[in-house]
Amino acid sequence: MNYKDKMLRDGALKGKNIVVTGGGSGLGKSMSRYFLELGAKVAITSRNIEKLKGTAKELEAETGGTCLPVQCDVREYDQVESMRDQVLEAFGSVDVLLNNAAGNFISPTERLSHRAFDIIIDIVLKGTKNCTLAFGKHWINTKYTNTVVLNIVTTYAWTGSAYVVPSATAKAGVLAMTRSLGVEWAKYGMRFNAIAPGPFPTKGAWDRLLPGELKDKIDMAKQVPLARVGDHQELANLAAYLVSDFSAYVNGEVVTLDGGEWLKGAGQFNLLEQIPEEMWDQLEAMIRAKKNK
Ligand code: HXC
Ligand code: NAP
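Below is a summary of the structure that appears in this document.

## Quick word on the nonpolar core
Burial of nonpolar side chains together is a common tendency in soluble globular proteins.
Alright, step 1. Ranked by size, the top nonpolar core spans 32 residues in total, and within it Leu13, Ile18, Met31, Phe35, Val42, Ile195 and Val243 carry the most contacts.
Alright, step 2. When residues in this core are grouped by element, the largest group, 7 residues, is from helix α9 (residues 232-243).
Alright, step 3. In contact with Phe35, not counting residues within four places along its chain, are Leu13, Ile18, Val20, Ala40, Val42, Leu98, Ala239, Ala240 and Val243.
Alright, step 4. Listed in part, the 24 residues of the second largest apolar core include Leu88, Ala101, Ile123 and Phe135.

Given below as structure tokens:
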């Protein structure tokens, strides 16, 4: 067994109907594939219907499951309600909402127009809010219980990060929403959790966060104590657990899956790893020599 293996037992998500925003590409596609393999029906949504149709066809062929492509810009509440109703019509019910859609790019904040800042806040925070309200109100009104909202955030939701300020601001809001509704809507039989992934290679993220030569200059694995980037299956394993009934007592939580990346950046003395082993004898002697002076 290793981290690239599939974790849950066959049929672990049988009977679950799942909506994955941004499910046509990247991590959303990988999580959708595993949900299908575990027996769920999955609706994938984003702005680009041709891309979604291609992904749905591919995932159905690979898994033998049912994958429904539905166009929806999460920034528009009317489109979100229409997407929800199309999925309900096709599947009869929805048990899980996975808020995965996002927009992001690196930029000095002073170079951003107010519209550029808005675009990220609108996709990430307003989009998550729109989907959460549309499905949450539906579940409350129909008294449909044992539902899950899983939000994909990042570790800079709590550390903040320069050069991706709109994304950090929006993801912080999504994390606050996760924890707040984990308490407020538990009485309606809903659970709210989040995953904060570290670096997982995807075209969408890499093209916008490491454009051009930056890809060769910045080795994301070097920032990770475990010295590697994430594998899509290990994220899919965690997501499948968190949307399954095995995690029935996990609520209001954010699970970090980053090989220790954010803590490496946070610890004030972590840079001492650059000190060669042989120098520690010398340093220890210098410190001990100060003891009684
Ligand atoms: C400055 C920019 C810009 C850039 C766009 N804008 N790109 N400003 N630098 N690089 C400005 C535009 O000029 C415009 O402002 C405003 O932003 C909207 O731009 P549009 O191109 O009209 O927006 P749109 O077509 O809706 O595209 C949205 C997008 C795009 C976010 C800009 O990148 C996108 O579609 N992204 C979706 C996928 C994605 O980003 N995936 C990565 C997720 S990775 P003006 O003022 O000119 O009108 C992720 C990782 C997190 O989240 C953590 C990693 C560790
Ligand atoms: P990705 O492939 O670019 O995924 C983003 C998805 O969001 C796309 O499928 C995109 O589809 C969709 N989307 C964008 N704007 C939308 C809108 N207005 N309405 C509906 N859908 C929209 O990138 P990814 O790396 O897989 O990212 C997935 C999630 O992981 C994001 O939440 C991201 O913040 C998070 N994350 C990723 C990493 C990483 O290292 N990759 C690290 C931390 C967190 P369309 O273009 O078709 O709309």
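The rest of the description comes next.
## A short note on the sheet that holds strand β7 (residues 254-257)
Hydrogen bonds between backbone groups are what pair the strands of a sheet, and the pairing can be parallel or antiparallel.
Alright, step 1. Across the sheet, which stays open at both edges, the 7 strands sit in the order β3-β2-β1-β4-β5-β6-β7 with parallel pairing between neighbours. For this open sheet the edge positions go to β3 (67-71) and β7, each flanked by a neighbour on one side alone. Mean inter-strand twist for the sheet, computed between neighbouring axes without regard to direction, equals 20 degrees.
Alright, step 2. Pairing of strand β5 (residues 147-152) with strand β6 (residues 190-197), which is carried by 6 bridges, proceeds in the parallel orientation.

## Some words on the environment of Ile18
Alright, step 1. Relative to the helices and strands, Ile18 is located in strand β1 (residues 17-21).
Alright, step 2. Once the C-alpha coordinates of Ile18 and Val243 are considered, the two residues, 225 residues apart in sequence, prove to be 8.9 Å apart.
Alright, step 3. Aside from chain neighbours lying at most four places away, what touches Ile18 is Leu13, Phe35, Ala40, Lys41, Val42, Ala43, Val96 and Val243.

## Some points on the site of ligand 2
Alright, step 1. Neighbouring residues of ligand 2: 28 residues in total, closest Ser25, Ser46, Arg47, Asn100 and Thr202.
Alright, step 2. A distance of 2.9 Å separates an oxygen atom of ligand 2 from a polar side-chain atom of Lys171.
Alright, step 3. In the model, a nitrogen atom of ligand 2 is placed 2.9 Å from a nitrogen or oxygen of the Phe200 main chain.
Alright, step 4. Within the complex, 89% of the 870 Å² of free accessible area of ligand 2 lies under protein.
Alright, step 5. For the shell around ligand 2, the elements supplying multiple residues, two or more each, are α1 (26-37) and α7 (203-209).
Alright, step 6. At 3 residues, α7 tops the list of elements feeding residues into the shell around ligand 2.
Alright, step 7. Considered class by class, the residues forming the shell around ligand 2 number 13 nonpolar, 10 polar and 5 charged.

## A closer look at the packing of helix α3 (residues 77-91) against helix α4 (residues 114-142)
Alright, step 1. Across the interface, α3 lies against α4 with an axial gap of 9 Å and an inter-helix angle of 45 degrees. Taken together, the axes of α3 and α4 lie oblique to each other. Handedness of the crossing formed by α3 with α4: right-handed. Where α3 abuts α4, its residues Tyr77, Val80, Glu81, Met83, Arg84 and Leu88 lie against Asn130, Cys131, Leu133, Ala134, Phe135 and His138.

Quick notes on the rules
Residues numbered from 1 in each chain as written. Chains lettered and ligands numbered in written order. Predicted model: local features only at pLDDT ≥ 70, side-chain atom pairs only at ≥ 80, totals over all residues. Heavy atoms only, no water. Core = buried A, V, L, I, M, F, W, Y, C linked by side-chain atoms within 4.5 Å. Buried < 20%, exposed > 50% of the residue type's maximum accessible area, 1.4 Å probe, protein only. Helix = DSSP H or I, 4+ residues; strand = E, 2+ residues; numbered from the N terminus. Contact = heavy atoms within 4.5 Å. Pairing = 2+ DSSP bridges. Axes fitted to C-alpha atoms, helices over the stretch in contact; angles between N-to-C directions. Near = heavy atom within 4 Å. Polar contact = N/O pair within 3.5 Å; in protein donor to acceptor, adjacent residues only side chain to side chain. Areas by Shrake-Rupley, 256 points an atom, 1.4 Å probe, with all protein chains shown as cover. Nonpolar A, V, L, I, M, F, W, Y, C, P; charged D, E, K, R; others polar. Parallel < 35°, antiparallel > 145°, perpendicular 65-115°, else oblique. Left-handed = near helix turned anticlockwise from the far one by under 90°.

Remember that the coordinates give geometry; whether it matters functionally is a separate question.
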